[in-house]
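So the chains spell out like this:
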Amino acid sequence: MKSRSPHYLSEQQLNTFNLFGYLKIPGLLANEIGNITAAFDKVFAENAAEIVAWDHVVHGNLPRKIMPQIADKCPEIHALLQHNPLIQIVADILGEGYQLIGSDANIYECGTRWHTDIIGLPYNCKNVKLIFYLDPSQLNQDCFRVIPGSHFHTDKFAKQLKQHIREPHITLGTDVKGIPCQQIATQPGDAVVFDARIWHAVDYAGNQRRAFSFLFGDKDYRPPSAGNTHPVQLYE
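Residues numbered from 1 in each chain as written. Predicted model: local features only at pLDDT ≥ 70, side-chain atom pairs only at ≥ 80, totals over all residues. Heavy atoms only, no water.

Draft legend 1. Expanded view of the environment of Gln69. Take Gln69: it is sitting in the loop between strand 3 (64-68) and helix 3 (75-78). On a C-alpha basis, the gap between Gln69 and Asp104 in space is 4.9 Å, while along the polypeptide they are 35 residues apart. Each residue touching Gln69, except ones within four places of it in the same chain, is listed here: Gly102, Ser103 and Asp104. (Helix = DSSP H or I, 4+ residues; strand = E, 2+ residues; numbered from the N terminus. Contact = heavy atoms within 4.5 Å.)

Draft legend 2. Molecular detail of helix 2 (residues 33-46). The end-to-end C-alpha distance of helix 2, which contains 14 residues, comes to 20 Å, matching closely the 20 Å that a straight helix rising 1.5 Å per residue would cover. Taken together, the buried positions of helix 2 are occupied by Ile33, Ile36, Thr37, Ala39, Phe40, Val43 and Phe44. Each buried residue of helix 2 lies within a common arc of 165° when the element is viewed along its axis, so the set occupies one face. Opposite the buried face of helix 2, at more than 90 degrees from it, the exposed residues are Asn35, Ala45 and Glu46. (Expected span 1.5 Å × (residues − 1). Buried < 20%, exposed > 50% of the residue type's maximum accessible area, 1.4 Å probe, protein only. Arc of directions from axis to C-beta.)

Draft legend 3. Just the packing of aromatic side chains, in detail. Taken as a whole and assessed by the stated rule, the structure comprises six aromatic pairs. Taking 5.7 Å as the distance between ring centres and 85° as the angle between the ring planes, the aromatic pair formed by Tyr98 and Phe216 counts as edge-to-face. Remark: Phe216 occurs in strand 11 (residues 209-217) and Tyr98 occurs in the loop between helix 4 (84-94) and strand 4 (99-108); sequence separation between them is 118 residues. For Tyr98, a relative accessible area of 25% puts it in the partly exposed group. Ring pairs connect the aromatic residues Tyr98, Phe132, Phe212, Phe214 and Phe216, which therefore count as one cluster. One Lys or Arg, Arg209, reaches over the ring of Tyr108 and ends 4.3 Å from the middle of that ring. (Phe/Tyr/Trp six-rings, centres within 6.5 Å; stacked < 30°, edge-to-face > 60°. Lys NZ or Arg CZ within 6 Å of the ring centre and 35° of its normal.)

Draft legend 4. View of the sheet that holds strand 8 (residues 182-184). On the basis of which strands lie adjacent, the open sheet formed by four strands has the order 5-10-7-8 and antiparallel pairing. With partners counted over all chains shown, the strands left at the sheet margins are strand 5 (112-115) and strand 8, one partner each. On average, each strand axis in the sheet is inclined to that of its neighbour by 20°, with strand direction left out of account. Where strand 7 (residues 144-146) lies against strand 8, three bridges are found, and the strand directions are antiparallel. Within strand 8, the residue paired with Phe144 across the bridge is Ile184. (Pairing = 2+ DSSP bridges. Axes fitted to C-alpha atoms, helices over the stretch in contact; angles between N-to-C directions.)

Draft legend 5. Spotlight on the nonpolar core. Within the largest apolar cluster, 36 residues are counted, with the highest numbers of intra-cluster contacts made by Val193, Phe212 and Phe214. Going through the elements one at a time, helix 1 (11-20), strand 1 (22-25), helix 2, helix 4, strand 4, strand 6 (127-133), strand 9 (191-194) and strand 11 are the ones with two or more residues in this core. In terms of residue count, the dominant contributor to this core is helix 2 (six residues). Grouped together as the second largest cluster of nonpolar side chains are 13 residues, Cys110, Ile131, Ile184 and Ile198 included. (Core = buried A, V, L, I, M, F, W, Y, C linked by side-chain atoms within 4.5 Å.)

Below, the structure written as structure tokens:
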């Protein structure tokens, strides 16, 4: 195998992302997370008119508050687009010429059912999403859950998964927690890095969760046509 020049991600980490569709990077923003959290809360308090209140079946029709394009409203979060380890991770996965597709911030009083994060993003678009939770999450409670390899959307398994995973209580006789998956517990400052096409979920444990995210596409990404630019995630 041809060796790679030094990057942030090891060759093993990059292989893991490409094969399974996700990585956890512990402590990526450990030094900045206190200031970021304070800035996050300030943006929500001072820009209440821009909050999208979105009660949706994906969240069991429980409350979710969304601040679209958080990087445009929060200098501390915008500065992360020049954060050397973060941008090295994106470049390692997508190559040079990658593009920021969008950013958002969320306050969840809910969980999420199994879904992907396709937002007018072509299924064949190479992408990477980074999500940062500002509150700790725990295994078997409120942590991020992912089905490894489900980003291979043309695969027979992925196609069958799409038919059954949205309402597993009906098609499979189980709930979010009953689906075989990898659980990713996090502490503030950790990054969950994943392909937006992968199936993932969070079970609601009765607690509030705050998070913000960036979505990037490779150099070949083209924005959706006019009229297909919903400001928040359009879930599968």
